[in-house]
Every structure is written in C-alpha cells, then in structure tokens.
Amino acid sequence: MLSPDAPVPVTSDPTAPAATRDIDRVSSAPTRPGSGGATGADAQLDVERLFAGDTVGGPGVALDAPLDEKLRQAYFWLVNHAIISPHYDVEFADPARPRTAYRIGDTRAVVELPTDQSYSSFVLLPLLTFAVRGRCLLVGGPGRGKTASAILMGVLAGYPVRDVRRAMQHGHPQLTVSDLFGTPLPRDLVAAERLADIDVAWRTWLGMRVKIVDEYNRIPTKTQSALLTVLADGYVEVFDQIYETGASAWYLTANDDAGGGTFQVVDALRDRIDVVVKALPFNNRFLGDLVTRAERGVRPEDNVPPEIVFSADEHDRVHREVLAVHLPAAVRRRLEYFASQLEVLEHAAWQLEYRTKDTARLAGVDPHTLSVADTGRDRLADVGAQTLNGLSVRALQSLILYAKAMAYFRGNAQVTLADLRAVLPFVLHDKLQPDLQATSFDAPERQALRTDRVSWIRDLFDTTCRQYDAEELDADDPVGEILAELDRGTHGLTEQEVLRRTARIEGLLALWQDSVKLYGSVYDDALALKYAHQRYSGYLAWLRWSGG
C-alpha cells in the first residue's frame with residue numbers, strides 16, 4: 001500500500017485499469033464527463049475542485065463530489081481493481097454516433113461496439129442494490145466471485161473486512177432459526193414467568209447495513225421462512241421479542257438459480273428478491289492480472305480506498321436521491337404497455353376480470369394448455385403467448401426503483417427508456433417465467449432464447465416498444481385521455497358533462513366490440529374504461545340525489 005505521502009497519480013481516464021500498486025487510489029478525473037448530474041445541479045469543474053489534494057476530501061477526490069459521482073468512482077474501482085470482469089453486457093448507445101456491429105461464427109454471433117459508456121452487470125447491479133438497499137441474488141458456479149463481490153459491498157458500507165466476513169451467514173442443512181438470529185438467555189428461560197421477561201442475545205449481523213447470506217438454497221425450509229420475515233419486513237421475532245433490523249442491502253448467493261441445492265427455495269422468499277445477477281465467466285486473456293495479484297499478495301477487500309466508502313448518512317442520502325429521480329410519463333407508458341401484454345389468458349374464465357394466467361395457476365391448470373386455444377390472435381406477435389405468468393405489483397415496484405437507480409448512476413435527472421431497458425432483464429429474471437413450448441421459440445434463430453433468459457426478456461420489451469410505436473400511442477391514446485380527465489377529479493362536473501364522458505367510454509367499447517382482438521393491452525384498457533365508467537356512474541347517482 002502506498003504511504004500517505006506518496007504522490008497521487010492523476011489519470012486522464014478514471015475508467016481505465018491502473019497498475020496494481022495504485023489499487024488504493026481513486027482517480028480525480030470525472031467518470032462521466034458531460035453528465036448533468038442525477039440531482040440536476042450544475043456542477044462547476046474548476047481546477048481546485050477537480051484536483052483537490054490530500055488535505056480536503058482525501059487524495060484524488062473532488063471536493064464535495066456528488067454522490068452519484070462517488071458511486072461511479074466505486075464502480076470503476078471495483079471493475080478495474082477488485083473484480084476482474086472485462087464484460088460490457090449492459091450496453092448503451094449514443095444516438096448521435098453510428099452503431100458498429102460484427103457477426104462471427106456459424107451462428108453469426110453479434111459483437112456490438114457500444115457508443116456510450118457501458119458496464120458489467122456482475123459489478124453494476126450489486127452496486128445499484130447497495131444504493132437502493134435492495135435484495136440481490138448472485139448466481140453462478142463455485143469460484144466465480146459471488147461471495148467476494150458481496151463482501152466488497154459490505155466494505156463499501158464502512159465495515160472492516162473482518163466484521164463483514166464474520167457477519168456473513170452460511171447456508172447449511174443444520175442451520176436453525178436460533179443460529180441465524182440469536183438465542184434466548186438461559187437464565188431467563190429458567191426464571192422468566194412470561195415470554196416478555198426473556199431477553200434474546202441477538203446476532204450482530206442483523207443491525208448491519210449490508211447483509212450477506214451465502215448459499216441461501218442450502219438453508220432448511222423452516223429457517224427460510226424465518227429469513228423471509230426479516231428480508232421482507234425488516235424485523236425478527238424470537239420468544240415474543242422483536243428486533244427491528246432497519247433498511248439494508250441484501251446479498252444472497254447460490255450456485256444454481258433454478259432452485260438446485262440441498263433445499264428447494266420457497267416461492268415467497270424468491271419473490272422478495274429484487275434482482276438476479278449471473279456471474280460471468282472469467283476471460284482468460286486477463287490471467288496475468290490474477291498472477292500479479294497472487295504474486296504480490298494483494299487482496300482488494302483490504303485495499304478499498306476510503307474515498308469510495310459510504311457513511312450511514314451518505315447511504316441514506318443516495319437512497320433518497322435515487323427515489324427523487326423523475327420517471328417521465330412517456331417511459332412509464334411503455335412500461336405499462338409492456339406489462340399489460342403478459343397477464344391475459346382469454347380462455348381462463350368467463351368474467352373479464354378473471355381471464356388471467358393467475359386464475360389458471362390457482363386452479364391448478366397449466367396456462368399453456370389454455371393458451372393454445374387462443375386461435376384469434378397472432379401467437380408470434382403476441383409476447384404474452386411466450387410467458388406463463390404476468391408481473392406482480394412487487395415486481396413492478398422493483399423495476400421502477402432499479403430504473404431510477406440506473407438513471408442516477410448514469411448522471412441523468414430522469415429515467416430514460418435506455419435506463420429501463422438495461423435493468424429490466426435482471427429484475428424480471430426470476431419473476432417472468434417463459435412458456436418453453438411457445439411457437440415463438442421454434443425458429444432456429446430463436447431457440448437459444450430458451451436458455452438465455454436475459455436476452456429473451458430484453459427481446460420481449462423491444463418487441464412491445466416496436467408495437468407501441470406502430471400503434472402511435474404517444475400521439476393517439478383515447479383511453480389515456482379518458483383517465484387523465486378522471487384524474488383531474490369530478491368536483492364541479494355537471495350532469496351533462498358526466499353523460500358526455502360516459503357516452504365516450506361506451507362508444508369506444510362499442511368500436512372495439514367487433515374490430516379488435518383481446519390482446520393484453522386491450523384487456524387492461526377495457527378494465528380501465530369499466531373503472532372510469534363506474535366512477536362517473538357513482539358520481540352521477542350522487543349528483544342526482546343531491547339535486548346538483
């Protein structure tokens with residue numbers, strides 16, 4: 001490690017790898033020049049601010065650097081010094097620059113050269129989880145860096161490496177609830193007359209801002225259920241004693257994301273996971289970095305620069321700033337359109353509200369057996385025909401949160417469609433189940449999508465975006481206009497105006513009656529129109545009763 005008096009290396013490109021001897025240093029150059037800043041502030045890059053010295057803010061760090069810049073500094077330090085992941089699978093393109101792609105091999109594998117700053121999902125998604133204090137599942141074979149990545153997140157939170165390692169919970173078949181959370185004091189068990197008199201010796205890891213559970217699929221089912229409570233609700237209950245764990249970032253690891261392991265992971269626990277990240281294979285061209293690290297005895301977790309460590313207050317501020325990132329209506333509408341395509345199952349019920357894949361699943365019927373009867377729709381164009389389920393409210397909330405986090409990380413004041421597209425496959429990885437028997441997978445060029453869940457989900461979203469553009473819904477969205485009118489409230493509306501609005505709703509449904517198929521977007525719009533009509537009908541009844 002360099003001495004405090006050693007000269008600070010100034011790198012013109014902070015995203016580039018530096019020598020191993022500089023592992024505990026952070027470049028002072030901006031990581032994303034030209035970024036307006038996620039908080040919308042106009043940062044002034046003058047010489048004093050850019051190259052602030054050792055006396056203010058630590059070596060190599062700009063004075064009062066915004067937290068989104070600090071987060072990017074952490075990313076580039078991790079990807080260049082700690083986790084050898086020279087992958088750019090989270091791609092972004094600059095619309096002002098032409099895109100370049102090459103096709104290699106018999107399958108014409110695409111090598112696309114990104115025209116904007118791109119990232120490694122295995123490094124970025126855990127870091128975004130740290131920012132939003134979410135729940136991240138790291139999956140992949142042994143020795144791929146899953147646990148090391150989680151430990152680094154704990155060090156970024158300011159905990160000593162020793163404490164992070166000791167606090168990490170290791171899944172094994174004998175793990176009990178007491179092992180995980182704490183045990184009641186023996187003297188209280190003997191002397192107490194009530195449960196309230198029993199004190200519990202809580203495990204210290206419960207109060208940490210970063211929590212790690214290694215090989216969570218080796219935890220017994222009963223203990224998994226107890227883990228679900230603390231992971232989902234933020235508290236633990238033992239012998240009628242409650243321990244509030246507070247907001248924290250969770251990292252769980254597994255060698256198999258398909259439920260493999262000593263115990264099957266309960267569905268409720270899997271559903272609480274916000275994002276799933278796969279450990280990418282090691283690129284053997286970078287074996288020299290491993291050799292150098294071994295020869296010099298360098299352990300990245302022991303050399304994390306203090307400039308990229310987040311205090312508890314900074315951690316809270318990052319979370320608040322992420323939540324403050326604006327989600328524009330245009331981006332939200334495309335997300336609505338995408339999600340609406342996935343749930344409808346026309347032959348699952350008689351009543352419109354129950355014509356969903358969830359109805360079939362709760363009845364114990366395979367949605368695929370019912371979907372093959374949908375002969376009126378184009379099963380190749382209908383993305384809903386490729387899935388066995390729709391999206392839950394929890395899944396949509398996670399998606400919005402991570403889209404905001406991605407925009408914040410990239411220095412954007414609001415979420416762009418590219419931000420949403422980038423995080424969507426990782427958030428929905430375990431939440432959207434493919435119908436592997438769907439005809440859309442039969443084409444030779446699409447068969448790989450049966451195993452490539454990330455590309456499949458991204459293709460679903462791209463397809464719905466093209467359909468959205470073809471329908472010109474940004475310019476002509478009558479259902480959206482009706483709902484916007486309703487959102488402005490009904491106070492002061494006359495009976496004549498209410499009748500005009502209900503007539504418009506009835507006219508739109510009549511127009512659809514014989515001219516449209518029941519695709520997912522039509523299904524959601526029909527239910528929305530029914531909702532609006534009911535609201536107006538209730539108001540009209542009150543208006544006539546009150547003599548208004």
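The structure displayed is predicted, hence computed values, not measured ones. Throughout this document, residue positions are counted from 1 along each chain, in the order its sequence is written. In keeping with the predicted nature of the model, local features appear solely for residues at pLDDT of at least 70, side-chain atom pairs appear and are counted solely at 80 or more, and the whole-chain, interface and lining totals rest on all residues. For side-chain calculations, the full set of non-hydrogen atoms in the structure is used, while hydrogens and water are omitted.

Draft legend 1. Molecular detail of the overall build of the chain. A count of helices and strands for the chain gives 20 helices and eleven strands. Note that accessible areas follow from Shrake-Rupley with a 1.4 Å probe, and for residues the cover is restricted to the protein chains shown. As presented, the chain carries roughly 26800 Å² of accessible surface, and 53% of it is formed by carbon and sulfur atoms. Segments assigned H or I by DSSP are reported as helices when at least four residues long, segments assigned E as strands when at least two residues long, and all are numbered from the N terminus.

Draft legend 2. Focus on the pairing of strand β8 (residues 235–238). Here's how the labels work: a residue is buried when its accessible area is under 20% of the maximum for its type, exposed when over 50%, partly exposed in between, all with a 1.4 Å probe on protein chains only. Burial of the side chains of β8 is restricted to one face: Val 236 and Val 238 are buried, whereas none of Tyr 235 and Glu 237 on the reverse face is. Here, strands pair whenever DSSP counts at least two bridges between them. Judged from the four bridges that link them, β8 and strand β9 (residues 241–244) form a sheet pairing that is antiparallel. Its bridge partner being in β9, Tyr 235 is matched across the sheet by Glu 244. Here β8 folds back onto β9 in antiparallel fashion, the turn holding two residues, of which Phe 239 has a positive phi close to 50 degrees.

Draft legend 3. Main features of the environment of Pro 142. With respect to the helices and strands, the residue Pro 142 is situated in the loop between β3 (135–139) and α4 (146–156). With relative accessibility at 67%, the residue Pro 142 sits in the exposed group. Once the C-alpha coordinates of Pro 142 and Ala 279 are considered, the two residues, 137 residues apart in sequence, prove to be 9.7 Å apart.

Draft legend 4. Structural view of the pattern of salt bridges. Throughout this description, the term salt bridge denotes a Lys or Arg side-chain nitrogen within 4 Å of a carboxyl oxygen of Asp or Glu. For the coordinates displayed, the defined rule picks out 31 salt bridges. In this structure, Glu 314 and Lys 70 form a salt bridge, with 2.9 Å as the shortest nitrogen-oxygen distance. Placement of the pair is Glu 314 in helix α11 (residues 312–323) and Lys 70 in helix α2 (residues 67–82), with a sequence separation of 244 residues. Overall, Glu 314 belongs to the buried group, its relative accessible area being 17%. Residue Arg 450 is joined to Asp 442 by a salt bridge in which the shortest nitrogen-to-oxygen separation is 3.0 Å. Residue Arg 450 is classed as partly exposed on the basis of its relative accessible area, which comes to 29%. For Asp 442, a relative accessible area of 43% gives the class partly exposed. A single network of salt bridges, built from pairs that share partners, joins Arg 165, Arg 299, Glu 301 and Asp 302.

Draft legend 5. The packing of aromatic side chains, seen in detail. Ring geometry is summarised as follows: Phe, Tyr and Trp rings, the Trp one being its six-membered ring, pair when their centres sit within 6.5 Å, and such pairs are stacked at plane angles under 30 degrees, edge-to-face over 60 and tilted between the two. Enumeration over the complete set of coordinates arrives at twelve aromatic pairs. Taking 6.0 Å as the distance between ring centres and 70 degrees as the angle between the ring planes, the aromatic pair formed by Phe 92 and Tyr 119 counts as edge-to-face. Highlighted residues: Phe 92 in the loop between α2 and β1 (100–104) and Tyr 119 in the loop between β2 (109–113) and α3 (121–132), separated in sequence by 27 residues. Ring-pair connections join several aromatic residues into one group, and the members of that group are Tyr 75, Phe 76, Phe 92, Tyr 119 and Phe 409. In this analysis the charged atom, NZ for Lys or CZ for Arg, is taken to sit over a ring once it is within 6 Å of the ring centre and within 35 degrees of the ring normal. Between the NZ or CZ atom of Lys 70 and the centre of the ring of Phe 310, over which it lies, the distance is 4.8 Å. Sitting over the face of the ring of Phe 92, Arg 410 holds its NZ or CZ atom 3.7 Å from the ring centroid.

Draft legend 6. Quick peek at unusual backbone geometry. Positive phi, normally seen in glycine, also occurs at Glu 215, with a value near 50 degrees. As for its position among the elements, Glu 215 is in the loop between β7 (210–214) and α8 (221–233). On the basis of relative accessibility, which here comes to 23%, the residue Glu 215 falls in the partly exposed class.

Draft legend 7. Seen up close, a nonpolar patch on the surface. Together, Tyr 102, Ile 104, Val 111 and Leu 113 line one region of the surface with nonpolar side chains, adding up to about 370 Å² of accessible area. Elements that contribute at least two residues to the nonpolar patch include exactly β1 and β2. As for its placement among the helices and strands, Leu 113 is situated in strand β2. Note that patches include only residues with greater than 30% relative accessible area and no salt bridge, and the join distances are 9 Å for like charges and 5 Å for nonpolar side chains (Val, Leu, Ile, Met, Phe, Trp, Tyr).

Draft legend 8. Representation of the environment of Arg 334 within the structure. Relative to the assigned elements, Arg 334 resides in helix α12 (residues 329–340). The exposure class assigned to Arg 334 is buried, which follows from its relative accessible area of 12%. Here the alpha-carbon distance between Arg 334 and Phe 461, two residues 127 residues apart in the chain, equals 8.9 Å. The criterion used for residue contact is that any of the two residues' heavy atoms lie within 4.5 Å. When sequence neighbours within four positions are dropped, the list of residues in contact with Arg 334 reads Leu 417, Phe 461, Cys 465, Tyr 468, Asp 469 and Asp 474.

Draft legend 9. How the structure looks around the sheet that holds strand β4 (residues 169–170). Overall, parallel pairing links the five strands, which are arranged β4-β7-β10-β3-β11 in an open sheet. Each edge of the open sheet is held by one strand with a lone partner, namely β4 and β11 (275–278). Pairing geometry for β3 and strand β10 (residues 249–254), over five bridges, is parallel. Residue Leu 138 lies in a different strand from β10, and its bridge partner there is Thr 253.

Draft legend 10. Spotlight on the side chain of Asp 274. In this structure, Asp 274 sits in the loop between α9 (267–271) and β11. Asp 274 sits in the buried class, given a relative accessible area of 6%. In the analysis that follows, any N or O atom pair within 3.5 Å is treated as a polar contact, provided that within protein one partner can donate a hydrogen and the other can accept it, and provided that, for residues neighboring in sequence, both atoms belong to side chains. Only 2.7 Å separates the side chain of Asp 274 from the side chain of Ser 398, close enough to count as a polar contact. Not counting residues up to four positions away in its chain, the partners in contact with Asp 274 are Gly 134, Arg 135, Ser 398, Tyr 402, Phe 426, Val 427 and Lys 431.

Draft legend 11. Geometry of the packing of helix α18 (residues 478–487) against helix α20 (residues 520–546). All axes here are fitted lines through C-alpha atoms, helices being fitted over the stretch that makes contact, and every angle between N-to-C directions spans 0 to 180 degrees. The contact between α18 and α20 brings their axes to 10 Å, and the two run at 30 degrees. With respect to their mutual orientation, α18 and α20 come out roughly parallel. When you trace α18 past α20, the crossing you get is left-handed. For the pair α18 and α20, contact is made by Val 479, Ile 482, Leu 483, Glu 485 and Leu 486 and by Asp 525, Ala 528, Leu 529, Tyr 531, Ala 532, Arg 535 and Tyr 536, respectively. For this classification, under 35 degrees means roughly parallel, over 145 means roughly antiparallel, 65 to 115 means roughly perpendicular, and everything else is oblique. Left-handed describes a crossing whose near helix is turned anticlockwise from the far helix by less than a right angle; the clockwise case is right-handed.

Draft legend 12. Broad picture of the pairing of β3. Along β3, five of the five residues are buried, which leaves the element largely enclosed by surrounding structure. Because side chains alternate across β3, one face comprises the buried residues Arg 135, Leu 137 and Val 139, and the other comprises Cys 136 and Leu 138, equally buried. Sheet analysis places β3 next to β11, joined by four bridges and oriented parallel. Counted as the bridge partner of Cys 136 is Val 275 from β11.

Draft legend 13. Layout of α3. A helix's residues, less one, multiplied by 1.5 Å, set its expected span. Here α3 spans 16 Å end to end across twelve residues, near enough to the 16 Å set by a 1.5 Å rise per residue. Burial in α3 covers these residues: Ser 121, Phe 122, Val 123, Leu 124, Leu 125, Pro 126, Leu 127, Leu 128, Thr 129, Phe 130, Ala 131 and Val 132. At the C-terminal side of α3, Arg 133 shows a positive phi close to 55 degrees.

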